[in-house]
Amino acid sequence: MPAYDLDHHGDREVGDGLVDLAVNVRLAAPPDWLRAELAGCLADLAAYPDARAAAEAIARRHGRAPADVLPTAGAAEAFTLLATAFRPRHAVVVHPQFTEPEAALRGAGHPVHRVLLPASAGFVLDAGLVPAEADLVFVGNPTNPTSVLHPAPVLRGLLRPGRVVVVDEAFLDAVPGEPESLAGERLPGAVVVRSLTKTWGIAGLRAGYVLAEPEVVARLRAVQPPWSVSTPAAVAMAACSGRDAVAQAEGLARTAERDRAVLVAGLRELGVEVAGEPRAPFVLVRLPGAARVRLALREAGYAVRRGDTFPGLGPDWLRLAVRDPATTRAFLAALAPLVGG
Ligand SMILES: Cc1ncc(COP(=O)(O)O)c(C=O)c1O
């Protein structure tokens, strides 16, 4: 099995004044209303944080009970809590996907079995590839980096007694209407992980949450470091779960969908292969010589995400973030001479 750098993330590829198509955080800064909420809680920082109001707001947003919700320091903390709370005999990570779930499992000492979805099938989830003995399964929806959205019935079909299925929905609020989500359902063994950091430009704040059965939430809470969700993070969670914020996220998702169409059409015009049917605010492309293209793009002022650190991908893959049409068109113009366009 080739060794992949599971700790590599897009943020390592940006800087030096490059236009950033490597990181999937969508807003360059949190919106003014959110900044005002954050500024408003600064006077309360002497007190230890209390995330209960945040959990109630999140529960209302998804039609769940507060006991089904665990606020976390980003989705990333949720993966570590899951890897710590459970003692899987046969943990499975469905790849290609975000590498932190596998890193968390390995960090906790669990062997990891990889299920690799093939490019030839458009990286679509095939439940038959998950072995019967799997007792803890991680899958992304929509998946980073493939941008593929898996059908909810296929995800539900992975559930069975004695198995926990973790669905990472970190980017589902970036898909208009949030189709195929399991967030609103209390299903035995289903754990949904959500992030607020991408849509709201608050990666530095750390804000995410878990939706699961109360017994699972209690197990995760038991291993969560005390006060790991800070007061500003809890304030942001409550604010971002309100009706107006959810409506605004939906508007951003629709814009991203239109912007993605510009990117995908431009790539196809250049003869660049786009993987699967992209549904998230990023697309995965296959280009012979992608490593050389990535370096040439840096020379031209653009940072894109290398694909070769994702299990199941290799040196021919790049992930591109969806940006506004003007940025995308300028990027495509820089890409054209590198791919013979
Ligand atoms: C698919 C996916 N899940 C989870 C995360 C982590 O999100 P957070 O910032 O909430 O920890 C990321 C971040 O890149 C991601 O791409």
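All values reported here derive from a predicted model rather than from experimental measurement.

A word on the layout of surface pockets
What the largest pocket holds in volume is close to 530 Å³. In terms of residue count, the dominant contributor to the lining of the largest pocket is helix α3 (residues 74-85) (four residues). Here the residues of the lining of the largest pocket sort into twelve nonpolar, ten polar and seven charged. Forming the walls of the second largest pocket are 15 residues, and the residues nearest its centre are Val25, Arg26, Leu27, Val322 and Arg323. Among the residues forming the lining of the second largest pocket, the class breakdown is eight nonpolar, two polar and five charged.

Some remarks on the side chain of Thr72
In this structure, Thr72 sits in strand β2 (residues 69-72). Overall, the relative accessible area of 0% leaves Thr72 in the buried class. A polar side-chain atom of Thr72 sits 3.4 Å from the main-chain amide nitrogen of Tyr209. Ignoring sequence-local partners within four residues, the contact set of Thr72 consists of Glu77, Ala78, Leu81, Arg206, Ala207, Gly208, Tyr209, Val210, Gln224, Val229 and Met237.

Considering the environment of Arg12
Along the chain, Arg12 falls in the segment before β1 (19-21). The spatial distance from the C-alpha of Arg12 to the C-alpha of Arg305 is 9.0 Å, given a sequence separation of 293 residues. Those residues within four positions of Arg12 in sequence are excluded, and the remaining contacts are Asp5 and Asp7.

Describing the packing of aromatic side chains
Scanning the model with the defined rule gives seven aromatic pairs in all. Note on Phe79 and Phe138: the rings are 6.3 Å apart at their centroids and 70 degrees apart in plane angle, and the pair reads as edge-to-face. In this pair, Phe79 sits in helix α3 while Phe138 sits in strand β5 (residues 136-140), placing the two residues 59 residues apart along the sequence. For Phe138, a relative accessible area of 2% corresponds to the buried category. A ring pair is formed by Phe171 and Phe282, whose centres lie 5.0 Å apart and whose planes are at 75 degrees; its orientation type is edge-to-face. With Phe171 in the loop between β6 (164-168) and β7 (190-195) and Phe282 in strand β10 (residues 282-286), the pair connects residues that are 111 residues apart, well separated along the chain. Phe282 shares its class with Phe171; the two are buried. Taken together, the ring pairs in this structure connect Phe79, Phe98 and Phe138 into an aromatic cluster.

Regarding unusual backbone geometry
Of the consecutive residues His95 and Pro96, the connecting peptide bond is found in the cis state with omega at -5 degrees. Cis rather than trans, the peptide bond between Asn144 and Pro145 has omega equal to 15 degrees. Relative to the assigned elements, Pro145 resides in the loop between β5 and α5 (152-156). One non-glycine residue, Ser147, lies in positive phi territory at about 75 degrees. You can call Ser147 buried: its relative accessible area is 0%. The phi dihedral of Trp227 falls on the positive side, at around 55 degrees, and the residue is not glycine. Counting through the fold element by element, Trp227 comes out in the loop between α6 (214-223) and α7 (231-240).

Remarks on empty space enclosed by the protein
Considering all chains together, one arrives at one cavity of 30 Å³ or more under this definition. The volume enclosed by the largest cavity comes to roughly 60 Å³. Surrounding the largest cavity, Arg61, Asp173, Arg194, Ser195, Leu196, Trp200, Tyr209, Cys240, Ala245, Val246 and Ala249 form its lining. For the lining of the largest cavity, the elements supplying multiple residues, two or more each, are β7 and α8 (243-269). Looking at the lining of the largest cavity, its residues break down into seven nonpolar, one polar and three charged.

Rules and cut-offs
- Residues numbered from 1 in each chain as written.
- Predicted model: local features only at pLDDT ≥ 70, side-chain atom pairs only at ≥ 80, totals over all residues.
- Heavy atoms only, no water.
- 1 Å grid on protein atoms, 1.4 Å probe; cavity = no way out; pocket = protein on both sides within 12 Å on 5 of 7 lines; lining within 4 Å.
- Points joined across faces, edges and corners; volume = space filled by probe spheres on them.
- Helix = DSSP H or I, 4+ residues; strand = E, 2+ residues; numbered from the N terminus.
- Nonpolar A, V, L, I, M, F, W, Y, C, P; charged D, E, K, R; others polar.
- Buried < 20%, exposed > 50% of the residue type's maximum accessible area, 1.4 Å probe, protein only.
- Polar contact = N/O pair within 3.5 Å; in protein donor to acceptor, adjacent residues only side chain to side chain.
- Contact = heavy atoms within 4.5 Å.
- Phe/Tyr/Trp six-rings, centres within 6.5 Å; stacked < 30°, edge-to-face > 60°.

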